[in-house]
Amino acid sequence: MKAALLNPPLSLSNPSSSTRHTIRPTRSPSRISFSTSAASSASVSSSSSPAPKPIVIVGSANADIYVEIDRLPLEGETISARSGRTLPGGKGANQAFCSGRLSLSDHATYLVGRVGSDAHGRLLEDSLGEGNAVRLDCLTRADSVPTGHAVVMLQPNGQNSIIIVGGANMNGWDDKLTEEDLVVVRGAGMLLLQREIPDWVNLQVAQAAKAAGVPVIMDAGGMDAPIPSELISLVDIFSPNETELARLTGMPTDTFEQISQAATKCHKFGVKQVLVKLGSQGSALFIEGEDTIRQPIIPASEVIDTTGAGDTFTAAFAVALVEGKPKAECLRFAAAAASLCVQVKGAMPSMPHRNSVIKLLQSIQ
């Protein structure tokens, strides 16, 4: 069976007009340390050493419309929800917001994305800009399309089913990214991608990152479609869950041995590192030519909502990695962040602060 990863790239999406945002203020720089919290601006050294390079996320921003239900409706059935509300979300925005909360204060986070000129777009702008966690210089308003949104059906056990409407995430991009966007990408310490925006956008930024020597992490979550071989060859760390890994390789992933074989198939496509999220079984990092690193879950006291847990894990791993931590420590940091995430309702609202993650790790040492 031919692997789905090798299919040809998608065609370009339709152009649309867009408007650039005003620049948000940067956060105060501080000394890097893997401490409980970022150092305060009062401790800044007077040295002229350059600030650490930022984490840059190119991806989606959605308004998540939550409906809490006792069970999923059957075909043709109408049921009542126990409650409903709208919260900020989207895989790109989630990972950016989580990175902003977890990073030391001198590690900036940028989101390159598209929203509509509507109430949902303003909700995302306000939420992402809270506490200057995320730089919004490259979050652009697309005038002709609405902000993307998702319907999240949340069941009592914390599990969810999600329907995504792409909106500006899929149709708000011009044929070619602006030089302003690409300058941010080229100056990154790490680039994070997902699949809730067109593959051709991911390809452009991955090419820019590769030319500048910027490592690329790609979360497999998003559209249910093959990944262009040209794009996957530019990815340094590919991060699917076991279901996505099975779909994209055409191989079973019911056992850890099968997951290992599927990861090996990804290596053959040029991806040296495959970071697999395994739900209740934790995670595993498969590095070509090296021993696999496994990380069990850090159990949550109560699972309220799993929405955003995968995004939290990926962003937390990237934060620790860009700080130069060993990969085993990066996995442990990510596991702790995901454990805290599932204990709070909502995607962005559940993203933990750095203090909370470090305290959890210290409590279980």
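The shown structure was predicted, so the numbers you read here are calculated from the model rather than taken from an experiment.

**Thoughts on helix H11 (residues 354-363)**
And then number 1: Where H11 is concerned, the buried positions are Arg354, Val357, Ile358, Leu360 and Leu361. Axial view of H11: buried residues confined to an arc of 160°, hence all on one face.
And then number 2: Along its buried surface, H11 packs onto helix H1 (91-102), helix H9 (309-322) and helix H10 (327-341).

**Observations concerning the UniProt feature "binding site: K(+)" (unreviewed entry) in the chain**
And then number 1: Mapped onto this numbering, the UniProt entry annotates "binding site: K(+)" (unreviewed entry) at Asp305, Thr307, Cys341, Val344, Gly346 and Ser350. The greatest C-alpha distance among the annotated residues, which extend across 46 residues, is 9.3 Å, indicating that they converge on a single site.
And then number 2: Tracing the sequence through the fold places threonine 307 in the loop between strand E14 (293-295) and H9.
And then number 3: Contact partners of threonine 307, with chain neighbours within four places excluded, come to Tyr66, Val152, Asn160, Cys341, Gly346, Ala347 and Ser350.
And then number 4: In terms of polar contacts, threonine 307 uses its side chain to reach the side chain of asparagine 160, at 2.9 Å.
And then number 5: Position of valine 344 among the secondary structure elements: in the loop between H10 and H11.
And then number 6: Classification of valine 344 as partly exposed rests on a relative accessible area of 35%.
And then number 7: Beyond its immediate chain neighbours, meaning those up to four positions away, valine 344 contacts Ile304, Asp305, Pro349 and Ser350.

**Examining the packing of aromatic side chains**
And then number 1: Counted by the stated rule, this structure contains one aromatic pair.
And then number 2: In this structure, arginine 294 packs its charged tip against the face of phenylalanine 256, placed 3.6 Å from the ring centre.

**Things to note about the UniProt feature "binding site: substrate" (unreviewed entry) in the chain**
And then number 1: According to UniProt, the "binding site: substrate" (unreviewed entry) feature falls on Asn62, Ala63, Asp64, Gly90, Lys91, Gly92, Ala93, Asn94, Glu196 and Asp311.
And then number 2: Accessibility expressed as a relative area gives 0% for alanine 93, which makes it buried.
And then number 3: Not counting residues up to four positions away in its chain, the partners in contact with alanine 93 are Ser60, Ala61, Leu111, Leu124, Leu128 and Met348.
And then number 4: As for its position among the elements, glutamate 196 is in the loop between strand E9 (190-195) and helix H5 (199-212).

**Some remarks on the pairing of strand E5 (residues 109-116)**
And then number 1: Among the eight residues in E5, eight count as buried, and that is most of the element.
And then number 2: The alternating pattern of E5 places Thr109, Leu111, Gly113 and Val115 on one face and Tyr110, Val112, Arg114 and Gly116 on the opposite face, and all of these are buried.
And then number 3: As paired elements, E5 and strand E6 (residues 139-142) share four bridges and run parallel to each other. Considered in E6, the bridge of valine 115 is made with arginine 141.
And then number 4: Considered for its hand, the β-α-β crossover made up of E5, helix H2 (residues 119-128) and E6 is right-handed.

Parameters and conventions
Residues numbered from 1 in each chain as written. Predicted model: local features only at pLDDT ≥ 70, side-chain atom pairs only at ≥ 80, totals over all residues. Heavy atoms only, no water. Buried < 20%, exposed > 50% of the residue type's maximum accessible area, 1.4 Å probe, protein only. Helix = DSSP H or I, 4+ residues; strand = E, 2+ residues; numbered from the N terminus. Arc of directions from axis to C-beta. Contact = heavy atoms within 4.5 Å. UniProt positions renumbered as here; feature names shortened; annotations may be inferred. Polar contact = N/O pair within 3.5 Å; in protein donor to acceptor, adjacent residues only side chain to side chain. Phe/Tyr/Trp six-rings, centres within 6.5 Å; stacked < 30°, edge-to-face > 60°. Lys NZ or Arg CZ within 6 Å of the ring centre and 35° of its normal. Pairing = 2+ DSSP bridges. Right-handed = clockwise from strand over helix to strand, strands pointing away.

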